[in-house]
Amino acid sequence: RRVNIFDTGLGVALWLHNGGSSLDRGGNRAHHAMIFDSIIVGNNMRCDNDGVGFPAFYAKVEPFRPDQFVGTPSRFGGSNLKNVTFANFGQCMGGRNYAIVNSMSRARYRWVYEDVANPVEVESLSFVDTPAASRLLMVKPSRGKIQGADPRIHTCAQMYCDGHRNTFVIDKDGSLTGSDAGTVIPENEIGWLDSLAYVDPLDRETLEDLIPYTAQYLTNGTRIQPLRGITQLYDEAGLYRGDDERCTFNSFWQAYVCPGLKHRQIVIESMDSDQMNRRIAPMSLMTETPHLSGSKRYMSLYTGPALYEAGWAGKISRYSTIWATGHVGATHTIHFSSTNPKQTRLSMYGATNSERAHIKLYYGTSNRVDVFVDGNLVPPLANLTFENIDDKPDISSQGLLENLDHGANFYDRIEGYLELVLRGSRSVDVIISNQIVLSLEVTVTDDEFYATGVDGLVKNVALLLGISEDRIAIAGNFALGGDKKRRRRGLLSETKKLEIIISEDTSSSIIVQESESDEDDVEKYVSVNEDVSLVSTLELENFTDMFASARVSDLMENVTGADSSSTNVVVEEEADTIIPGWTCNDPTPGYGYGDGQYCDCDCGILDPDCDFSADVKTKLSNIAFVRGCERSVEIDASSGESILEFCANTSKTVSCQDVVDEEMEACDDWPCMGLPSEELKFTISNSARRAELVCANRTVTNSSVLAGTSHKQEGVCSLALVPIGFGVSPPMPSPPPPPPPPPILKYGFNAEEDGNMEKNYMVWFGAFVITLIVSIIAIICVCCMCRRSKAIEESFWAAIDEEGKKDPELGRKVTARFERDLTRVNTRVRPQRT
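Asker: What am I meant to see in the overall build of the chain here?
Answerer: Check the secondary structure of the chain and you find 11 helices and 47 strands. Burial statistics for the chain: of 834 residues in total, 51% are counted as buried. Of the contacts made within the chain by residues no fewer than 6 positions apart, 74% connect residues no fewer than 24 positions apart. Entry remark: accessible area of the chain is about 39,500 Å², with carbon and sulfur atoms responsible for 52%.

Asker: Just checking my understanding: could you explain unusual backbone geometry for this structure?
Answerer: Put simply, Gln225 and Pro226 share a cis peptide bond, and its omega is -10 degrees. In this structure, Pro226 sits in the loop between helix H2 (213-216) and strand S18 (236-237). A positive phi angle, near 55 degrees, is found at Asp37, a position not held by glycine. Its identity as a non-glycine residue notwithstanding, Asp374 has a phi of 55 degrees, on the positive side. Tracing the backbone shows Asp374 in the loop between strand S28 (369-373) and strand S29 (376-377).

Asker: What should I look at first to understand a negative patch on the surface in this one?
Answerer: On the surface, Asp455, Glu469, Asp470 and Asp505 cluster together to form a negatively charged patch. What makes Asp470 exposed here is its relative accessible area of 62%.

Asker: What is the right way to look at the nonpolar core in this model?
Answerer: Soluble globular proteins: nonpolar side chains tend toward being buried together. Counting 39 residues, the largest nonpolar core has Met283, Ile334, Tyr363, Leu418, Leu422 and Val430 as its most contacted members. Among all residues touching Ile334, those that are not within four sequence positions of it are Ile268, Met283, Ser284, Leu285, Leu346, Ile359, Lys360, Leu361 and Tyr362.

Asker: Teacher, can you tell me more about a nonpolar patch on the surface here?
Answerer: A cluster of nonpolar residues, Phe765, Phe768, Val769, Leu772, Ile773, Ile776, Ile777 and Ile780, forms a patch on the protein surface that exposes about 770 Å² of accessible area. Residue Phe765 is classed as exposed on the basis of its relative accessible area of 56%.

Asker: Would you mind showing me how to read the packing of aromatic side chains here?
Answerer: In this description, a pair of aromatic rings is defined by centroid distance and the angle of the planes. Counted according to the given criterion, the structure contains 11 aromatic pairs. Between Phe76 and Tyr349, the ring centres sit 5.6 Å apart and the planes meet at 15 degrees, which makes this aromatic pair stacked. Placement of Phe76 in the loop between strand S6 (56-58) and strand S7 (79-87) and of Tyr349 in strand S26 (residues 343-349) is noted, with a sequence separation of 273 residues between them. Look at Trp192 and Tyr234: their rings are 6.0 Å apart centre to centre, the planes differ by 80 degrees, and that puts the pair in the edge-to-face class. With a gap of 42 residues between them, Trp192 in the loop between strand S17 (182-186) and H2 and Tyr234 in the loop between H2 and S18 connect regions that are remote in the sequence. Following the ring pairs from residue to residue traces out a cluster consisting of Trp15, Tyr58 and Tyr113. The residue whose ring lies beneath Arg241 is Tyr256, and the NZ or CZ to ring-centre distance is 4.6 Å.

Asker: Can you walk me through the sheet that holds strand S2 (residues 10-12) in this structure?
Answerer: Where strands meet in a sheet, backbone hydrogen bonds hold them as pairs that are either parallel or antiparallel. One open sheet accounts for four strands, arranged S2-S5-S10-S13; its pairing is parallel. Edge positions in the sheet fall to S2 and strand S13 (136-137), since each has one partner strand and no second. When strand S10 (residues 100-101) meets S13, the two strands line up parallel, connected through two bridges. Paired with Val101 across the two strands is Leu137, which belongs to S13.

Asker: Looking at this structure, I do not really get the pairing of S26. What am I missing?
Answerer: For S26, the tally of buried residues reaches seven of seven residues, placing the bulk of the element in the interior. Direction of pairing for S26 relative to strand S32 (residues 428-432): antiparallel, over a ladder of four bridges. Within S32, the position partnered with Thr344 by the bridge is Val430.

Asker: Can you walk me through helix H9 (residues 678-686) in this structure?
Answerer: Each α-helix turn comprises 3.6 residues. Residues three or four places apart therefore point the same way. Among all positions of H9, only Leu680, Thr683 and Ile684 are buried. Each buried residue of H9 lies within a common arc of 95 degrees when the element is viewed along its axis, so the set occupies one face. Along H9, the residues that are exposed and aim more than 90 degrees away from the buried face are Glu678, Phe682, Ser685 and Asn686.

Asker: Looking at this structure, I do not really get the sheet that holds S26. What am I missing?
Answerer: Strand order across the open sheet formed by six strands is S24-S21-S26-S32-S28-S29, with antiparallel pairing between neighbours. Two strands in the sheet have a free side with no partner beyond their single neighbour: strand S24 (321-327) and S29.

Asker: Whenever I open this one, the environment of Ala13 confuses me. Can you help?
Answerer: Of note, Ala13 is situated in the loop between S2 and strand S3 (15-17). Residue classification places Ala13 among the partly exposed positions, given a relative accessible area of 41%. For Ala13 and Val52, which are 39 residues apart along the polypeptide, the C-alpha to C-alpha distance reads 6.6 Å.

Asker: Please explain the pattern of salt bridges as it appears in this structure.
Answerer: As a working rule, side chains carrying opposite charge can pair if their charged atoms are close by. A full pass over the atoms with the stated rule returns 21 salt bridges. Between Asp370 and Arg368 there is a salt bridge, and its shortest N-O distance comes to 3.1 Å.

Asker: What am I meant to see in the pairing of strand S23 (residues 298-302) here?
Answerer: Among the five residues that make up S23, five are buried, leaving the element largely enclosed by the rest of the structure. Burial of the side chains of S23 extends over both faces: Tyr298, Ser300 and Tyr302 are buried on one face and Met299 and Leu301 on the other. Across two bridges, the pairing between S18 and S23 is parallel. Counted as the bridge partner of Glu236 is Tyr298 from S23. Bridge count for strand S22 (residues 283-288) against S23 is five bridges, and the pairing is antiparallel. In the sheet register, Thr287 faces S23, and the bridge partner there is Tyr298.

Asker: Can you help me understand the state of the cysteines in this one?
Answerer: Structurally, a disulfide amounts to a covalent bond that connects the sulfur atoms of two cysteines. Within this structure, the stated rule accounts for three disulfides. Paired by a disulfide, Cys47 and Cys92 hold their sulfur atoms 2.0 Å apart. Taking the sign of the torsion about the S-S bond as the criterion, the disulfide between Cys47 and Cys92, at about 110 degrees, is right-handed. In this pair, Cys47 sits in the loop between strand S4 (33-41) and strand S5 (50-53) while Cys92 sits in strand S8 (residues 91-92), placing the two residues 45 residues apart along the sequence. Classification of Cys47 by relative accessible area gives partly exposed; the value is 25%. At a sulfur-sulfur separation of 2.1 Å, the disulfide partner of Cys247 is Cys258. Since a negative S-S torsion denotes a left-handed disulfide, the Cys247-Cys258 link at about 120 degrees is right-handed. Taken together, the positions of Cys247 in the loop between S18 and strand S19 (248-250) and Cys258 in strand S20 (residues 255-259) put the pair 11 residues apart, joining distant regions of the chain. Since its relative accessible area comes to 11%, Cys247 is described here as buried.

Asker: Teacher, can you tell me more about the environment of Leu693 here?
Answerer: Within the fold, Leu693 resides in strand S44 (residues 689-699). Overall, the relative accessible area of 1% leaves Leu693 in the buried class. Counting along the chain gives 27 residues from Leu693 to Ala720, while the straight-line C-alpha distance between them is 5.9 Å.

Asker: Sorry if this is basic, but what is going on with the confidence of the model for the chain here?
Answerer: Residues shown with low pLDDT carry predicted positions that ought not to be read at fine detail. Here the chain shows a mean pLDDT of 77. Residues at 70 or above account for 72%. Low confidence marks residues 477-491, where pLDDT is under 50. Its contacts with residues over four positions away, or in another chain, come to 28 contacts. Counting contacts from residues 826-834, a segment whose pLDDT is below 50, to residues more than four positions away or on other chains yields nine contacts.

What counts and how
Residues numbered from 1 in each chain as written. Predicted model: local features only at pLDDT ≥ 70, side-chain atom pairs only at ≥ 80, totals over all residues. Heavy atoms only, no water. Helix = DSSP H or I, 4+ residues; strand = E, 2+ residues; numbered from the N terminus. Buried < 20%, exposed > 50% of the residue type's maximum accessible area, 1.4 Å probe, protein only. Contact = heavy atoms within 4.5 Å. Areas by Shrake-Rupley, 256 points an atom, 1.4 Å probe, with all protein chains shown as cover. Patch = residues over 30% accessible without salt bridge, like charges linked within 9 Å, V, L, I, M, F, W, Y side chains within 5 Å. Salt bridge = Lys/Arg side-chain N within 4 Å of Asp/Glu carboxyl O. Lys, Arg positive; Asp, Glu negative; His and termini not counted. Charge placed at Lys NZ, Arg CZ, Asp CG, Glu CD. Core = buried A, V, L, I, M, F, W, Y, C linked by side-chain atoms within 4.5 Å. Phe/Tyr/Trp six-rings, centres within 6.5 Å; stacked < 30°, edge-to-face > 60°. Lys NZ or Arg CZ within 6 Å of the ring centre and 35° of its normal. Pairing = 2+ DSSP bridges. Arc of directions from axis to C-beta. Disulfide = S-S within 2.5 Å. pLDDT = per-residue confidence, 0-100.

This is the structure we're talking about:
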């Protein structure tokens, strides 16, 4: 406040910390940057001389150079510019300076990431000697930041990073745009039909092709082709722009100016324990306003945060959080490319209590989907079945949206969408219940089945299992469409599959906590207690066994209007197995908790397959059976400084607290930002050592315990120093393990176990030289044999010609026979001699 800045390189550049995700209780909605009552003066004698770069909020920042070693962008963050005067920003030699820029990438001293997308509010701005073309610049994303075939640090997977495509400005009074209040949005659709920067394994070629497949198909299984068109999936690519005349593109700003529109940021988070290593993107967001005539459907895609921890083993480490750009009063249809998280959190950052948005989140599952606000379950507006599907409520802007409270919802199992209302900036938690699905074939004989028969079946199931009826749902592949009477008549005397869906009891597995916030109205949120959820899973598995021994006749007792010819109940879907504290959910066979094959390190709770009681030598001998802590990484152990450099670069994936048999500390103060400890330097200088990685166990601190779990020990990849010359023991003889995963490739060939790259080069070069020499000798021998064969053949012809002169008849016979013999023994046909 009240700051005068002259002759700027970049007048204001703020890197701020506001937590990473609500999973670690970070991210305060009240945190923002404010610049007001100030004057910022530029200098057009040189270029790249801007006024304000959009402030950036990250999960962590470093002292002195906050733009280095940052983490994933913060859950929340925004900026406010009020009563600021910008002067002398305009054309320079070969370019242009700008008063406001959506990125700090134009600064001369910078380190910029392109995934942060914090909105900026402006009000009461003044511009002196600054033309309209120099007021704002939306920097376009860099194609070089797109991740190719190999994971690279600070790159975004599959497409342009989200940050520069989604930073927008809320002009509260029109002082920026010179028109009515509204918003300025970037060109989100950049590169929409360009070729992808990588070879897609599913043969997708453009950004449009990355729209999740669940969005590309109708409920009847028909694929929408083409995707763009009035009667197709969407009308235009990019962020919501209303009708054709609402937004205009400003080529100087590289942005759309949208007077009267109200864009807001919608934050979508995975709250599962595997959120750091399971990606849910690409995510599609289609925005439309059904109540406005002429308004179009706009499709945008999101890739999520950049890769901040590629690490030595290519391990992905980033929050599964997406910052999308929505609009007040609009319908937002969301599809994930991956399986939906068990728990998802949504919020509309910066929205007032009078601003609402309609969310349609695709699940496509028969599971029950519950919605929580401030830790309280919000009852659904309707429980849709095949019987009352025509009574589905319309909670869009064309229907009840303006009259509904925050969190109002219902789940449409037929279409697969959870529909809910966001009002204000508070969060909504969405949790999928675990379930089992059983099937039974029935023949509908009377319309009464739809009136009372289904209720009778539910009561029989509840009595059998001893549970409440609200945990049971009946579904089936019944024909839909038309009025109810016609629908029923068409089903009479037809055998159909009836599905009995039994959900877990979530009443005791939900934990209610308060957010760490400076706000007056502290927000409450929920998380799933995985220990209690495990008990519910075991209960569902027990229900499956009970149904296996149940008689169908008992289930159909007093069920009017239907008969069953089935002799038993078929289990269509078993309950998902839940291991509290386990964070690795790779479906590949052999990758799992207690699979009996591999020790999976760095997966949260201790894997029973790991022998954590063994010493370092035993762990090294079994290193082939450890995943998540590969030995093939090269570590420079020549000095204490090189050890600390490795530790600093792998701080999130490797523990360096104890580097020798849990006795020697690597430095005096963890996390080793200073010098190595004297003990470490002494050990390295007085005994030849090499660095290896082993899977070790450690006690979990209170701050790192996963929400809802009670485990106190977890596996961690740890650095160990061992004497050079220590050999590797033979593999464990029993049981014989499966082949280990392929080692990491180094420079095009497999690295040796001891990591000696110089030796590898010598071996490969020697093999190449030997192969070349053998090839040359073989070629010379073949050539010599050919020349000798030709000489012998010519001598035979000379002898035959000599005899032919003496006796022509004998000469012709000998020539014909010789030609036949040559044809039999040679692969090429010789010309006949005359």
